[in-house]
Amino acid sequence: MSLEQRLTRVPRPFQPDRGDDALAQAPWARGGLRDLLHGTAGCSPYLSGLVRAEADWLEHACETPEDALAAERAVLFDTPLPDLPDRLRQAKRRTALMTALADLGGVWPLEVVTAALTDLAGDAVDASLRALTAVQIGRGRLPGLAPEDARTAGGMVALAMGKMGAGELNYSSDIDLICLFDDDRFAPDEVAEVRSVFVRITRAMCAMLSDVTAGGYVFRTDLRLRPDASVTPVCLSMTAAERYYESVGRTWERAAYIKAAPCAGDRAAGRRFLDTLRPFVWRKHLDFAAIQDAHDMRLRIRDHKGLHGPLKLAGHNMKLGRGGIREIEFFTQTRQLIAGGRDPALRVRGTKEGLAALATAGWIPDAARDTLSDHYTFHRTVEHRLQMINDAQTHALPGDAEGFARLAAFMDRDEAELRRDLTDRLEEVHALTEDFFAPDAPDPAPPQEWGAETTARWLDYPALRSTRATEIFRRVRPVILTHLSDAARPEEALAQFDRFLAGLPAGVQLFSLFEANPQLTRLIVDICATAPALAQYLSRNAGVLDAVIGGDFFAPWPGVEALTEQLAQELARAPDYEAALSLARVWMKERHFRIGVHHLRGLADATTSGTHYADLAQAVVAALWPVVLEEFRAKHGDIPGRGAAVVGMGSLGAGRLNALSDLDLIVIYDADTEASSDGRRSLGARPYFARLTQALVTALSAPTAEGRLYEVDMRLRPSGRQGPVATSWDAFRGYQREEAWTWEHLALTRARGIAGPPDLLADFEAFRADLIADKGQGAGVLEDVAQMRRRLAEAKPGGGWDAKDGPGRLMDSDLAIQTLALRAGCTATDGGGQIAAARAAGVVTPAQSEALLSAQDLFWSLQAAARLLTGAKLDPDALGEGGRRFVLREVGCDSLDALAQRIEEVSTATDRVVSAVLEETA
């Protein structure tokens, strides 16, 4: 059936008149729009009346709908207060008419339609507030304000919430506002009086917009989204609102502020207020607890509206009912709340915009984005047609056949086809969103013939003291116990999980994370069953689990340069120095945990994880150093010279750390030693750089609410503990040439510049290369190292399962390799590169080099595994079955006996090689 045929079936209460002719002649009108209006006359008495009332305006309207409506809004701000109510209603009629015609005629898509309605609402509120505030300023009721302050409503702001904030108003929407005033603009003793004035302004504004007169109404205005609306005034101070949200703000209020936007009055103050609420709305960790809150809210709405049960089209609520608009909005907003604290790109107001951002970030599939966006557009279009009929604030589909026929004709659809389409779309939305909010329940818990004594005490742990935490844990407990029962040694796994659970300070967020991501429980069980030290780390830093589902946890390792850039960008967004330090800790711990998990899962071996730990540490120091320097300069200013460079020593310089490594650092500065800094707290060069170094150490090692980054060891600086913490460039070179011991030259074979002025770092590297080439030829080098080796053997005899200390073990082979690097004049800082250079220089035989590499591989693998699993020396008896399996996998042995034999063979062979390299006698 054609459109014309369908439309002719609808009764027509009036014949075409001059309003229709004016419309048909409009330059922007598409062909057939006049016929469309004739047909819709029977569908929408409301539009018919508007056409009659505004026929003259239509005939003389601007060439485009956009220009016509912009002109209507502009006039509002020049209208005197006595005339403003009528002028607002006229603007509303004309906007509704022009928007409806552009919508029905296919001139505007949905987004432009809703934006036009929202623009009018914003300007109507703004014009009202300006005019009303001007009166109060003229009467002297707002102290200290001049007439021009009326343009910003004297510091009052209206925050548009809900659909208005998102630019998505319907034809018959209420407008949800929160009205606040900036109390910082007034003296403390004036705030109470000023508040009463702004309350009167707010009430007058609502009446001006909402009261029904002969000209109709403008917008029904709802102020109930303000803090504690049942007991608070209709306009609050921003300070009072901030305190409310900081203390008792709820999840639904967080969701409401996703769409909040200043729409009238002092918009700049409104933006500042929203900035202060950012930590309330956007939590720093993934917030899966919001899912349950949103689901509970959905159920309460359904209970209140009586919307439970199967889908029935007659009278179905397109907004709140099954598969309706609110389902899509809740789905989008809840996911934004979950991840928006970590990803600012998700902090968008529009529903379709939010779906697009979630898909881009990988939180929903592209197919879900496309499907829900299409359904949202369709649902909103149906909603608009329903409201166009009689300017009614309705979301309900017609309850009878005649009403459905009218709606189908209004939408240019066959009635039966429309019914099928509505049913399919509503059911698909329900299926997509219901699975997110209420996924299938987990399988029942396995029979608990084991562990009853352990699990009985769980309810006494800190993480389970709140009723909400207990309820969520009750739902995830079956999955956890199932995975624990599947471990190689269930009792061991349960005992380690018990320690993990006991160490958690709180549980709601983490248990919600488990509930929304069941795969995480398997990871937790694997960690508890294998690596107690990693499990303990996790209980203290449960927020790192955010990274597991954050999108790139299992992506390729980005490398040190990309890591440094990532962290630098994050730190640049920190509002202050303390926030930057906390942010750096969160960022580092997430990646530190990633390295450990990859190692544990076999995605990286000990060598690779060692490189990744070193990359991470270097990136942290390199990105944090400029932040420390900027904070320090703010107090003490600059000092003439090139500044200071940070040099990594030991394992950091060698590019190989384990899970518990500290950082060996030295700081070298090049400055005018006679000069002083130019800041408000001036310092001489030596104390300036000493304090700067201490500031760096504090930034890295001081505990904050997020813990610490690294322990720092600076004993490798010239003269060790007796020397200054920062060394001048001239003093460093003089010391190394004239006073340094052989062990200090060995340390320089592992020195690597990691932060500071590029030219100073380049000079340091050139000096290091020259020094190594010179000092490695000294006659006493081998004897000095041999004596050092004997002292180490006496102090730390090692042996057994000890991977680090003892003849032929890690420290012993490292000593030989550094000696070879010194003798070969090698500038490489990693062990493999140094062995290769020594072999090329002829100072070690191929067989000896292979023995050293074998020892490094075996004992580093054992050392890295021990630090990851238990945080202590390797002790197979203290490892669970999972830990023992991990160690054997790492070294390629079938049993502990085979491993013990290999340790003995490799250490014995390496002991002989080290003795030969140092030319010791047997």
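Cut-off values and rules
- Residues numbered from 1 in each chain as written.
- Predicted model: local features only at pLDDT ≥ 70, side-chain atom pairs only at ≥ 80, totals over all residues.
- Heavy atoms only, no water.
- Helix = DSSP H or I, 4+ residues; strand = E, 2+ residues; numbered from the N terminus.
- Buried < 20%, exposed > 50% of the residue type's maximum accessible area, 1.4 Å probe, protein only.
- Areas by Shrake-Rupley, 256 points an atom, 1.4 Å probe, with all protein chains shown as cover.
- Core = buried A, V, L, I, M, F, W, Y, C linked by side-chain atoms within 4.5 Å.
- Contact = heavy atoms within 4.5 Å.
- Salt bridge = Lys/Arg side-chain N within 4 Å of Asp/Glu carboxyl O.
- Expected span 1.5 Å × (residues − 1).
- Arc of directions from axis to C-beta.
- Axes fitted to C-alpha atoms, helices over the stretch in contact; angles between N-to-C directions.
- Parallel < 35°, antiparallel > 145°, perpendicular 65-115°, else oblique.
- Left-handed = near helix turned anticlockwise from the far one by under 90°.
- Nonpolar A, V, L, I, M, F, W, Y, C, P; charged D, E, K, R; others polar.
- Pairing = 2+ DSSP bridges.
- Right-handed = clockwise from strand over helix to strand, strands pointing away.
- Phe/Tyr/Trp six-rings, centres within 6.5 Å; stacked < 30°, edge-to-face > 60°.
- Polar contact = N/O pair within 3.5 Å; in protein donor to acceptor, adjacent residues only side chain to side chain.
- pLDDT = per-residue confidence, 0-100.

Engineer: Please explain the overall build of the chain as it appears in this structure.
Structural biologist: When helices and strands are tallied, the chain shows 41 helices and 10 strands. Taking all 922 residues of the chain together, 55% fall into the buried category. By element, 50% of the accessible surface of the chain is carried by carbon and sulfur atoms, the whole surface being about 38,500 Å².

Engineer: Mind showing me how you'd approach the nonpolar core here?
Structural biologist: One recurring pattern in soluble globular proteins: nonpolar side chains tend to sit buried together. Of all hydrophobic cores here, the largest spans 119 residues; its most connected members are F511, F593, L624 and L862. Top contributing element to this core by residue count: helix α30 (residues 606-636), with 15 residues. Every residue in contact with L624, bar those within four places of it in the chain, is listed here: L571, L581, A584, A699, L700 and L709. In terms of nonpolar packing, the next biggest core, distinct from the first, is built from 66 residues, L50, A100, V113 and V197 among them.

Engineer: What should I look at first to understand the environment of A339 in this one?
Structural biologist: Positionally, A339 belongs in helix α16 (residues 325-339). When its relative accessible area of 1% is taken as the criterion, A339 is described as buried.

Engineer: In this structure, what is going on with the pattern of salt bridges? I would like to understand it.
Structural biologist: A side chain of one charge can pair with a side chain of the opposite charge when the charged atoms of the two come close. Inspection of every chain in the model, using the stated rule, returns 48 salt bridges. Between E570 and R573 there is a salt bridge whose closest N-O contact spans 2.8 Å. One connected set of salt bridges, linked through shared partners, spans E54, E72, R87, R93 and R94.

Engineer: Any chance you could explain helix α36 (residues 781-795) here in plain terms?
Structural biologist: The periodicity of an α-helix, 3.6 residues per turn, causes residues three or four places apart in sequence to face the same way. Along its 15 residues, α36 runs 21 Å from first to last C-alpha, staying within 8% of the 21 Å computed at 1.5 Å per residue. Within α36, burial applies to V781, L782, V785, A786, M788 and R789. Mapping the buried residues of α36 onto a view down its axis gives an arc of 160 degrees, with all of them on the same face. For α36, the exposed residues lying more than 90 degrees away from the buried face are R791, E794 and A795. Tucked inside the fold, the buried residues of α36 contact α34 (742-748), α35 (758-775), α37 (810-824) and α41 (896-917).

Engineer: Just checking my understanding: could you explain the packing of α30 against helix α32 (residues 685-701) for this structure?
Structural biologist: The angle between the axes and the distance between the axes are what describe a pair of packed helices. Where α30 meets α32, the closest approach of the two axes is 9 Å, and the angle between their N-to-C directions is 130 degrees. Classed by the angle they form, the pair α30 and α32 counts as oblique. Where α30 crosses over α32, the handedness of that crossing is right-handed. Between α30 and α32, the residues in contact are V620, V621, L624, W625, V628, L629, F632, R633 and H636 and Y688, R691, L692, A695, L696, A699 and L700, respectively. Residues of the contact of α30 with α32, tallied by class, amount to 13 nonpolar, 1 polar and 2 charged.

Engineer: Explain unusual backbone geometry to me, please; I cannot follow it from the model alone.
Structural biologist: Leave glycine aside and you will find that most residues have negative phi; peptide bonds, for their part, are mostly trans. A positive phi angle, near 45 degrees, is found at D228, a position not held by glycine. Looking at where D228 falls in the secondary structure, it is placed in the loop between β3 (221-222) and β4 (235-237). For D228, a relative accessible area of 37% translates into the label partly exposed.

Engineer: What should I look at first to understand the packing of helix α18 (residues 366-390) against helix α19 (residues 401-410) in this one?
Structural biologist: The contact between α18 and α19 brings their axes to 10 Å, and the two run at 115 degrees. For the element pair α18 / α19, the angle class is roughly perpendicular. As for the relative orientation of α18 and α19, their crossing is right-handed in sense. Between α18 and α19, the contacting residues are V382, R385, L386, M388 and I389 on the first element and R406, L407 and F410 on the second. For the contact of α18 with α19, the class distribution of residues is 6 nonpolar, no polar and 2 charged.

Engineer: Explanation requested: the pairing of strand β7 (residues 663-671) in the structure shown.
Structural biologist: Among the 9 residues in β7, 8 count as buried, and that is most of the element. Sheet topology places strand β6 (residues 641-649) next to β7; 8 bridges connect them, and they run antiparallel. In the sheet register, A645 faces β7, and the bridge partner there is I668. Pairing of β7 with strand β8 (residues 712-713) involves 2 bridges; the strand directions are parallel. Along β8, the bridge assignment pairs D664 with D713. For the handedness criterion, the β-α-β arrangement of β7, α32 and β8 is classed as right-handed. In terms of strand pairing, β7 meets strand β9 (residues 726-728) through 3 bridges, oriented parallel. Of the residues in β9, the one forming a bridge with I668 is T727.

Engineer: Quick question: what am I supposed to make of the packing of aromatic side chains here?
Structural biologist: This structure, assessed with the given rule, holds 16 aromatic pairs. Relative to F767, the ring of F732 lies with its centre 6.0 Å away and its plane at 65 degrees, an arrangement referred to as edge-to-face. Within this pair, whereas F732 is found in helix α33 (residues 729-738), its partner F767 is found in helix α35, the two being separated by 35 residues in sequence. No difference in accessibility class separates F732 from F767, as the two residues are buried. In textbook terms, an aromatic cluster arises when at least three aromatic residues are bridged by ring pairs, as seen for W458, F473, F497, F500 and F511.

Engineer: Can you help me understand the environment of K775 in this one?
Structural biologist: Following the sequence through the fold, K775 ends up in helix α35. Distance from K775 to R823, taken between C-alpha atoms, is 8.0 Å for residues 48 residues apart in sequence. Reaching out from K775, the side chain makes a polar contact with the backbone oxygen of R737 at a distance of 2.8 Å.

Engineer: Explain the pairing of strand β5 (residues 261-265) to me, please; I cannot follow it from the model alone.
Structural biologist: The side chains of a regular strand alternate between the sheet's two faces. Among the 5 residues of β5, 5 are classified as buried, and the element is accordingly described as predominantly covered. Sheet topology note: the strand β1 (residues 156-161)/β5 ladder contains 4 bridges and is antiparallel. Within β5, the position partnered with A158 by the bridge is A264.

Engineer: Honestly, helix α38 (residues 831-841) in this entry has me stumped. Any pointers?
Structural biologist: For α38, the set of buried residues is G831, Q834, I835 and A838. Seen along its axis, α38 keeps its buried residues to an arc of 100 degrees; they face one direction. In the core, the buried residues of α38 are packed alongside α37 and α39 (846-869). Taken from the residues just after α38, G842 is the one with a positive phi, measuring 80 degrees.

Engineer: Got a minute to help me understand the confidence of the model for the chain in this structure?
Structural biologist: Keep in mind that low pLDDT regions are not for reading the predicted coordinates in detail. Overall, the predicted model of the chain reaches an average pLDDT of 86, with 89% of residues at or above 70. Here residues 440-449 is modelled with pLDDT under 50, and outside its nearest four sequence neighbours on either side it reaches 14 contacts, counting other chains as well.

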